[in-house]
2 protein chains.
Amino acid sequence: MIIDNPYEPKLPRNMSFGWHIAVLGANMSDSLDKELKSIGLSINQWPTLFALWEEDGLTQTELTSRCNTAHYTTTRLLDSLEKMGLVERQPHPTSRRAHLVYLTEKGRNLEEEAVTKARAVNAKFLSSLSKKEQEQVASLILKMTTAPPV
Amino acid sequence: MIIDNPYEPKLPRNMSFGWHIAVLGANMSDSLDKELKSIGLSINQWPTLFALWEEDGLTQTELTSRCNTAHYTTTRLLDSLEKMGLVERQPHPTSRRAHLVYLTEKGRNLEEEAVTKARAVNAKFLSSLSKKEQEQVASLILKMTTAPPV
DNA sequence: TATTGTTATACTCTATAACTATA
DNA sequence: TATAGTTATAGAGTATAACAATA
């Protein structure tokens, strides 16, 4: 069965574009998960830690929104990260019901190693493309994700 | 935190390439799942049905390998598809332990509608790109997925 | 009355492994 | 002994909704 949409070139077994993206995303996630395990982290913690490495002192609600997860997921993720000594919940200066989430020294120190591993995974999956093609695909995917469909 | 890898252009909140692919894949899957629900199907059934639309009369083991799932998953998927009257397990001509899986008339008739929906989802997610860019990203992703990393 | 965050519960998915029947 | 397929069961992940505390 051939999807003859002009935006769908011939694909192996003619699977559709979205299917390829989904499988690729799952494979990249699995690969990063395995890498992160070696430093005691998991893929579930990645978006939260990534957001905090970029900027900490966020409320849980703000973290929830940046990580595109559910609020009850954030609660449990922070529980585990706190138990591991990577983050701390501090009282909010003006609201007594909100918390501010900060990285600990230990949590901050993991950034370099984790990001190195993420880069390696990206490079591995991009390795069949030329440098120019790698830049192209990254910028096209960026364009797709930053201007999402209504 | 900026990933200054040359293959990682500036991304929103500087999330990494793999993360964008994973989120995009999940969003496209969710979107197709919603579309398929309207004709009584789910995203879990998509790869199996897609493979059968391309070629039926496969053994369960062959289906398992083409869909990149687990054998016990195939068993349950086929149970549900059979209950819905979309596929049939037939005895294998030479081996009494293997089955051949065939689409029913009803299952075959769903192809056009389902593929139309999948195309619409792909088009929706690609809509922020020009036609040329759409072709580019599809062919680059194809290149990545057909020459997977070791 | 709405917001921040936690918890209980149920439901879906997936993984492991034991099982049958064949080869 | 290996293969095709099924089933039982446990675990992880996710969703719903109720809840307490605060605004």
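Details of the structure are given in the entry above.
Quick summary incoming for the structure in this document. Fair warning: this is a prediction, and the values are worked out from it, not measured in the lab. (Residues numbered from 1 in each chain as written. Chains lettered and ligands numbered in written order. Predicted model: local features only at pLDDT ≥ 70, side-chain atom pairs only at ≥ 80, totals over all residues. Heavy atoms only, no water.)

**Observations concerning the overall build of chain A**
Across its full length, chain A holds six helices and three strands. When the elements of chain A are put in sequence order from the N terminus, they spell out α-α-β-α-α-β-β-α-α. Put simply, chain A has 150 residues, and 47% of those count as buried. Here chain A has roughly 7,700 Å² of accessible surface; of this, 50% comes from carbon and sulfur atoms. (Helix = DSSP H or I, 4+ residues; strand = E, 2+ residues; numbered from the N terminus. Buried < 20%, exposed > 50% of the residue type's maximum accessible area, 1.4 Å probe, protein only. Areas by Shrake-Rupley, 256 points an atom, 1.4 Å probe, with all protein chains shown as cover.)

**Considering the protein's contact with DNA strand C**
Close to DNA strand C lie 17 residues, the nearest being Gln60(A), Thr61(A), Arg97(A), Tyr72(B) and Arg96(B). If you look at DNA strand C and keep only atoms within 4 Å of the protein, 57% of those are sugar or phosphate atoms. Looking at the surface near DNA strand C, the elements that each hand over two or more residues are α3 (60–67) and α4 (71–83) of chain A together with α4 (71–83) of chain B. The greatest single-element share of the surface near DNA strand C, amounting to four residues, is contributed by α4(A). (Near = heavy atom within 4 Å.)

**Remarks on the packing of helix α1 (residues 17–37) of chain B against helix α5 (residues 105–125) of chain B**
Residues and elements named next belong to chain B. Axis separation between α1 and α5 bottoms out at 10 Å; the angle between their running directions is 140 degrees. Judged by the twist between their axes, the crossing of α1 over α5 is right-handed. Packed against α1, whose contacting residues are Leu 24, Asn 27, Met 28, Ser 31, Leu 32, Glu 35 and Leu 36, the element α5 presents Ala 114, Lys 117, Ala 118, Val 121, Asn 122, Lys 124 and Phe 125 at the interface. Residue composition of the contact of α1 with α5, grouped by class: eight nonpolar, three polar and three charged. (Axes fitted to C-alpha atoms, helices over the stretch in contact; angles between N-to-C directions. Left-handed = near helix turned anticlockwise from the far one by under 90°. Contact = heavy atoms within 4.5 Å. Nonpolar A, V, L, I, M, F, W, Y, C, P; charged D, E, K, R; others polar.)

**Description of the nonpolar core**
Counting 73 residues, the largest nonpolar core has Trp46(A), Ile141(A) and Ile141(B) as the members making the most contacts within it. Each residue touching Trp46(A), except ones within four places of it in the same chain, is listed here: Leu32(A), Leu36(A), Trp53(A), Ala114(A), Val115(A), Ala118(A) and Trp19(B). (Core = buried A, V, L, I, M, F, W, Y, C linked by side-chain atoms within 4.5 Å.)

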